[in-house]
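Read off the chains here:
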Amino acid sequence: IPTVDDDDDDLELDLASTVSMVLRVLIVDDAESQRRVLLKQVETFGFETATAADGAEALALIESFRPHIVLSDWLMPHMDGIELCRAARQGPRGRLLYFILLTAFSDDERLLEAFDAGADDFLPKPLNVRKLQARLRAAKRIINLQTELRRKIETLRELNAALTEANKRLFDVAHHDTLTGLPNRRQIIERLQQEWSAFQRRQTPFAVALLDLDYFKRVNDERGHDVGDEVLARL
């Protein structure tokens, strides 16, 4: 399951389609007859589909059709399934694709090559409909797990952002006067301790200025404390 970072915000697995259980499958095969067979079967299983006749067309559809699953033949001219898989994985959406290769190869070396290229699964040829359905079900289950994980991560992000903001507000309340927004007694004492420590280490001079507002009591007595608060805030 891929991890999520800040650059993944535009790479959502289309949660709406996933929740509604409609996933998109891109079928890639240079043989038109094989594409038709796969298209009919995959749609029967309840997936939304698109087809491509070669790797270049498939790469374009990965960006426009935004499939969840790519079902690709291994042997194709110009760009085979392995090359397509490698190229797709280089794109921003490639990390989220579930890539299934159709192949007549059965030797371990070839299959290892497929997995090394980034394939998630493979289907042996000739095509078995029940195996195709089983592979797509497995892909759907994994994609749903990925989606749920991403949803939980996004929820944690939101909670973390809210907690950070709440902590900031608590810090402001604890260290600032609510009327004027100026540092309160606690923060002033902390700053004085910091400056005094710096002076002891580096002999860095500092100054403390005391500001007094003459005749302020008269304002409160004659105009009331609300006006006195306004005077303090403006000052």
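These figures come from a predicted structure and were not determined experimentally. (Residues numbered from 1 in each chain as written. Predicted model: local features only at pLDDT ≥ 70, side-chain atom pairs only at ≥ 80, totals over all residues. Heavy atoms only, no water.)

Q: Please clarify how the overall build of the chain should be interpreted in this entry.
A: Check the secondary structure of the chain and you find 9 helices and 5 strands. Reading the chain from its N end, one meets helices and strands in the order α-β-α-β-α-β-α-β-α-β-α-α-α-α. Its C-alpha atoms give the chain a radius of gyration of 32 Å, more than 25% over the compact-globule value 18 Å for 235 residues. Along the first, second and third principal axes, the C-alpha atoms of the chain reach 95 × 45 × 25 Å. When burial is assessed residue by residue, the chain has 30% of its 235 residues classed as buried. Taking all contacts inside the chain whose residues are at least 6 apart in sequence as the whole, residues at least 24 apart take part in 61%. (Helix = DSSP H or I, 4+ residues; strand = E, 2+ residues; numbered from the N terminus. Rg over C-alpha atoms; globule rule 2.2 N^0.38 Å. Buried < 20%, exposed > 50% of the residue type's maximum accessible area, 1.4 Å probe, protein only. Contact = heavy atoms within 4.5 Å.)

Q: How should I be thinking about helix H3 (residues 55-64) in this particular structure?
A: Residues separated by three or four positions in an α-helix point in the same direction, a consequence of the helix having 3.6 residues per turn. Among the residues of H3, those classed as buried are Gly55, Ala58, Leu61 and Ile62. Buried residues of H3, viewed axially, fall in a sector of 115 degrees; they line one side. Facing away from the buried surface of H3 by more than 90 degrees, the exposed residues are Ala56 and Ser64. Check the buried side of H3 and you find it contacts strand S1 (24-28), strand S2 (48-52), strand S3 (69-73) and helix H4 (81-90). Its side-chain oxygen 3.2 Å from the backbone nitrogen of Ala56, Asp54 forms the N-cap of H3. Arg66 sits one or two residues past H3 and shows a positive phi near 55 degrees. (Arc of directions from axis to C-beta. Polar contact = N/O pair within 3.5 Å; in protein donor to acceptor, adjacent residues only side chain to side chain.)

Q: Before we go on, may I ask you to explain the packing of helix H2 (residues 32-44) against helix H6 (residues 129-175) in this structure?
A: Think of two packed helices as two axes; the pair is described by the angle between the axes and how far apart they sit. The interhelical angle for the contact between H2 and H6, taken along N-to-C directions, is 55 degrees, at an axis separation of 11 Å. Between H2 and H6, the angle is such that the two are oblique. The interaxial crossing formed by H2 with H6 has right-handed handedness. On the side of H2, the interface is formed by Leu38, Gln41 and Val42, while H6 contributes Val129, Leu132 and Leu136. For the contact of H2 with H6, the class distribution of residues is 5 nonpolar, 1 polar and no charged. (Axes fitted to C-alpha atoms, helices over the stretch in contact; angles between N-to-C directions. Parallel < 35°, antiparallel > 145°, perpendicular 65-115°, else oblique. Left-handed = near helix turned anticlockwise from the far one by under 90°. Nonpolar A, V, L, I, M, F, W, Y, C, P; charged D, E, K, R; others polar.)

Q: Could you clarify how one ought to interpret the packing of H3 against H4 in this entry?
A: Packing of H3 against H4 leaves a shortest axis separation of 10 Å and a crossing angle of 30 degrees. Between H3 and H4, the interaxial angle falls into the category roughly parallel. Here the hand of the crossing between H3 and H4 comes out right-handed. Together, Gly55, Ala58, Leu59 and Ile62 of H3 and Leu84, Ala87 and Ala88 of H4 make up the contact between the two elements. Classifying every residue of the contact of H3 with H4 by side-chain character gives 6 nonpolar, 1 polar and no charged.

Q: What should I look at first to understand the sheet that holds S3 in this one?
A: Strands pair in a sheet through their backbones, by hydrogen bonds, and they do so in one of two ways: parallel or antiparallel. In space, the 5 strands of this open sheet follow the order S2-S1-S3-S4-S5, with parallel pairing throughout. The two strands at the open ends of the sheet, each matched to only one other strand, are S2 and strand S5 (121-124). Direction aside, neighbouring strands of the sheet carry axes that sit 20 degrees apart on average. Where S1 and S3 come together, 4 bridges link them in parallel fashion. Each residue of the ladder has a partner; that of Val28, found in S3, is Ser72. Lying over the sheet, H2 contacts S1, S2, S3 and strand S4 (98-103), oriented at roughly 170 degrees with respect to S2. (Pairing = 2+ DSSP bridges.)

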